[in-house]
Amino acid sequence: MPRRPIAVFAIAPWAFTGVFPPDVLLRLHRVVDADSRMTLTSFDASFDGSDAATALGRAEILITGWGCPRIDASVLATAPGLRAVVHAAGTVKSIVDPVVFERGIVVSSAAQANAVPVADYTVAALVLGAKRAFSRARHYADGRDPAMWRPGPDTGLHDCTVGVIGASRVGRLVLHRLRAFDVRVLLYDPTLTPGEAALLGAELVDVDELCRRSDLVTVHAPALTETHHLLDRRRLGLLPDRTLLINTARGSLVDTEALTEECVSGRISAVLDVTDPEPLPPGHPLLGLPNVLITPHLAGAQGRELRELGEFAVTEIERFVAGHPLRGQVLFEQLPYTA
């Protein structure tokens, strides 16, 4: 029987429990030798008398997740046999130093699995937001007569124009889900051609046109220098009255001060799972507005959804051990454009 590669976990204990339930761990242990009692959250600290350097010195596969420290040259110096980093979460940008790629170490991420609940959250927000559910719920909770609410003819998702900013993993899943609705879809993504956008069921437009024509706008672009405040004061001003803005990507894509002014005026509404800063300071105007719903970065995998990340990671490890291409492989040239 061939020797199983040695794997080491670098993930916060709270995340480990949800991402790797017993049945997923059992499947993992069939292909690697991994001590599930050791989940490193520091590459300098010791764990039950076994220091991180000793564990890393034996590691061939590093299984990472939320709570993993950054993997840099000093870490790699203690892990001469490391061949793969398999991340059982989303982005690897904050934990994987470029030197990892320079060393020829394979990097994989479960970002595709984590994108699924984000897309589901987004579509739910589109449906409820178009229904004015959040404002109406606040109106009802305040003890006001529901019969006095006038939803208006533009309430509901039917026959809306939805603007999608970014054909990222999440963006593409949202585009696919929108095919089930009677909506027109506009897409902004500078990396696509009109033909490629059409195959995704959308009309390719620039950001300004998307803002002018959309009843609902949902943001799925990465946080880059060129996307900082992509929705700035001028572009937010282009949105038609009663537009709903949804952001499940990164808070820095939207100018918070300008958005606050627009929402305080009641001209537009927002569903924000991310903000800039994050979290917003106590007492921030956006937190108390009836036309704004803010959630604490919960659109990604939560609770029973976490196991999907572990299952994806185990599948990647199975493929790696068998010598097959990885479905979640992250290439160095992709790193600057990931979330």
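About the cut-offs
- Residues numbered from 1 in each chain as written.
- Predicted model: local features only at pLDDT ≥ 70, side-chain atom pairs only at ≥ 80, totals over all residues.
- Heavy atoms only, no water.
- Buried < 20%, exposed > 50% of the residue type's maximum accessible area, 1.4 Å probe, protein only.
- Helix = DSSP H or I, 4+ residues; strand = E, 2+ residues; numbered from the N terminus.
- Pairing = 2+ DSSP bridges.
- Right-handed = clockwise from strand over helix to strand, strands pointing away.
- Phe/Tyr/Trp six-rings, centres within 6.5 Å; stacked < 30°, edge-to-face > 60°.

A.B. asks: Got a minute to help me understand the pairing of strand β11 (residues 216-219) in this structure?
C.D. replies: Along a regular strand, successive side chains alternate from one face of the sheet to the other. Alternating residues of β11 divide into Leu216 and Thr218 and Val217 and Val219, and every residue in both groups is buried. Relative to β11, strand β8 (residues 161-165) runs parallel, the two being bridged by four bridges. Following the sheet pairing, Val162 is matched in β11 by Leu216. Handedness of the β11-helix α11 (residues 233-238)-strand β12 (residues 244-247) crossover: right-handed.

A.B. asks: I keep staring at the packing of aromatic side chains and nothing clicks. Help me out?
C.D. replies: What describes a pair of aromatic rings is the distance from one ring centre to the other and the angle between the planes of the rings. Counting across every chain of the model gives five aromatic pairs. On the numbers, 6.0 Å between centres and 10° between planes, the contact of Trp14 with Trp66 is stacked. Placement of the pair is Trp14 in helix α1 (residues 13-19) and Trp66 in the loop between β5 (61-64) and α4 (73-77), with a sequence separation of 52 residues. Classification of Trp66 by relative accessible area gives partly exposed; the value is 28%. Note on Phe101 and Phe332: the rings are 5.6 Å apart at their centroids and 55° apart in plane angle, and the pair reads as tilted. Of the two residues, Phe101 sits in helix α5 (residues 98-102) while Phe332 sits in the segment after α13 (307-322), which places them 231 residues apart along the sequence. We classify Phe332 as partly exposed; its relative accessible area is 42%. What links up through ring pairs into an aromatic cluster is the set Phe9, Phe16 and Phe20.

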